[in-house]
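Residue-level structure breakdown
Next come the chains, spelled out residue by residue.
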Amino acid sequence: MPPDLSVLTALPVQRREPLKVVSAWDLTIPYQEFRAQHLMPPALAAQLPDRPTRHRTYIVVNQKGGAGKTTTTMELAAVWTAMGYTVRVIDSDHQASLSGWLQPLYPEDVAPKDRRELTDVFYGRCSLDEATYYTRYQNLYVVPSTEELALVDLDPRVGKDTALRKAIAASQAPIDITIIDAPPALGKLSVNGLTAADEALVPLKVGALDERGLGKLHRTIRAVQEETNPGLVVRATFLTAWKRSEYAREVAERVRADYPEAAVFTIRESVKAAEAPKHFEPVRLFEPTGTTAADYDQAGRMLLHPKEDTA
Ligand SMILES: Nc1ncnc2c1ncn2[C@@H]1O[C@H](COP(=O)(O)OP(=O)(O)OP(=O)(O)O)[C@@H](O)[C@H]1O
Ligand SMILES: [Mg+2]
């Protein structure tokens, strides 16, 4: 039985002074004068459709813990539902941070032991749609996970590379966008997500950067492109919890060089953004006028409606 839909919260439309959008970083200015900016390569701007023309699957991926994957998943889901899209997020991490943050609305007539989650999908015990739950937000649905999902990584009988892709393809639900929140590991779950996705989004936290890890992520994405998903593209990187520093600028330049066809979004740090999960609210709702929500808002619009003026 669905919940009382009239009580679901519509995520607010967010408008704040947008960041400047550039097509290349200006490396001639001293870093002290460097402002937060988004980078949109001209080739990408020309290639993105005006509006999504079909269902799209994104994966937010980086094996580095604390890079901002779950926050990026949540905030993109929030902006896209606020724009009128129907979004399903898949919690593909057995830490279940996204499930804990979003708090699925389980039907009252289903006993807790009968609730479904992503592990059940991998074990073929239910379809993806049967593991999809309402959240307190209009048009935002979640496939939760629990610590049991760790079993999928260990059990050789389940989670063939294409399992999640097949589960998404078999879905009948009228979903516009699926976002997979990957775990901090490059094991079976991340490979499944990369195989299922049309587009990869890579969050990086400048203060917690792992240079060798970045190379490994790059190689994993290449391997998936060669073996199971030739259509996969790295669409954007997100510099999360961004603060001005010389190193932040080096990282910005490094990711532009690593992924020359991807957008680079700068998401400014906000103390309140880090508190939002404890209050079970997207940053967009918890700190609607903050910089973090504003920067994700602009990034989400640039990805889906690139011809709209967002800067
Ligand atoms: N823009 C921001 N400003 C301030 N804090 C942020 C920002 N983005 C993320 N954080 C905080 O950084 C921490 C890590 O973020 P998050 O949980 O999204 O990373 P993750 O990559 O999903 O981590 P894990 O690898 O454990 O799944 C969290 O405490 C989060 O609230
Ligand atoms: Mg996470």
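In this report, we go over the structure that sits alongside the text.

Quick notes on the rules
Residues numbered from 1 in each chain as written. Chains lettered and ligands numbered in written order. Predicted model: local features only at pLDDT ≥ 70, side-chain atom pairs only at ≥ 80, totals over all residues. Heavy atoms only, no water. Helix = DSSP H or I, 4+ residues; strand = E, 2+ residues; numbered from the N terminus. Rg over C-alpha atoms; globule rule 2.2 N^0.38 Å. Buried < 20%, exposed > 50% of the residue type's maximum accessible area, 1.4 Å probe, protein only. Contact = heavy atoms within 4.5 Å. Areas by Shrake-Rupley, 256 points an atom, 1.4 Å probe, with all protein chains shown as cover. Lys, Arg positive; Asp, Glu negative; His and termini not counted. Charge placed at Lys NZ, Arg CZ, Asp CG, Glu CD. Near = heavy atom within 4 Å. Polar contact = N/O pair within 3.5 Å; in protein donor to acceptor, adjacent residues only side chain to side chain. 1 Å grid on protein atoms, 1.4 Å probe; cavity = no way out; pocket = protein on both sides within 12 Å on 5 of 7 lines; lining within 4 Å. Sits in = over half its atoms within 2 Å of the grid points.

Remarks on the overall build of the chain
For the chain, the helix and strand inventory stands at 12 helices and 10 strands. Against the globule reference of 19 Å for 311 residues, the chain gives a C-alpha radius of gyration of 19 Å, in line with a compact fold. Along the first, second and third principal axes, the C-alpha set of the chain runs to 60 × 45 × 35 Å. Burial statistics for the chain: of 311 residues in total, 53% are counted as buried. Sequence separation of 24 or more characterises 81% of the internal contacts of the chain that already satisfy a separation of 6 or more. Approximately 13800 Å² of the chain is accessible, and the part contributed by carbon and sulfur atoms is 51%. In the chain, 37 side chains carry a positive charge and 41 a negative one; their mean positions are 2 Å apart.

What to know about the site of ligand 1
Among the 20 residues in the neighbourhood of ligand 1, the closest are listed as G68, K69, T70, T71 and K205. Between K69 and ligand 1, the recorded distance is 2.8 Å, taken from a side-chain N or O atom to an oxygen atom. Between Q95 and ligand 1, the recorded distance is 3.3 Å, taken from a side-chain N or O atom to an oxygen atom. Considering ligand 1 on its own, with 630 Å² of exposed area, one finds that the protein chains cover 82% of that surface. Judged by its atoms lying within 2 Å of the grid points, ligand 1 is housed in the largest pocket. Those elements giving two or more residues to the shell around ligand 1 turn out to be α2 (69-82), β10 (263-268) and α10 (271-275).

Quick look at the environment of V79
One can find V79 in helix α2. Here V79 falls in the buried class, since its relative accessible area comes to 0%. The spatial distance from the C-alpha of V79 to the C-alpha of V13 is 7.6 Å, given a sequence separation of 66 residues. Discounting residues that sit within four places of it in the chain, V79 has contacts with R284, Y296, D297 and G300.

Take it as geometry only, folks, not as evidence of what the structure does.
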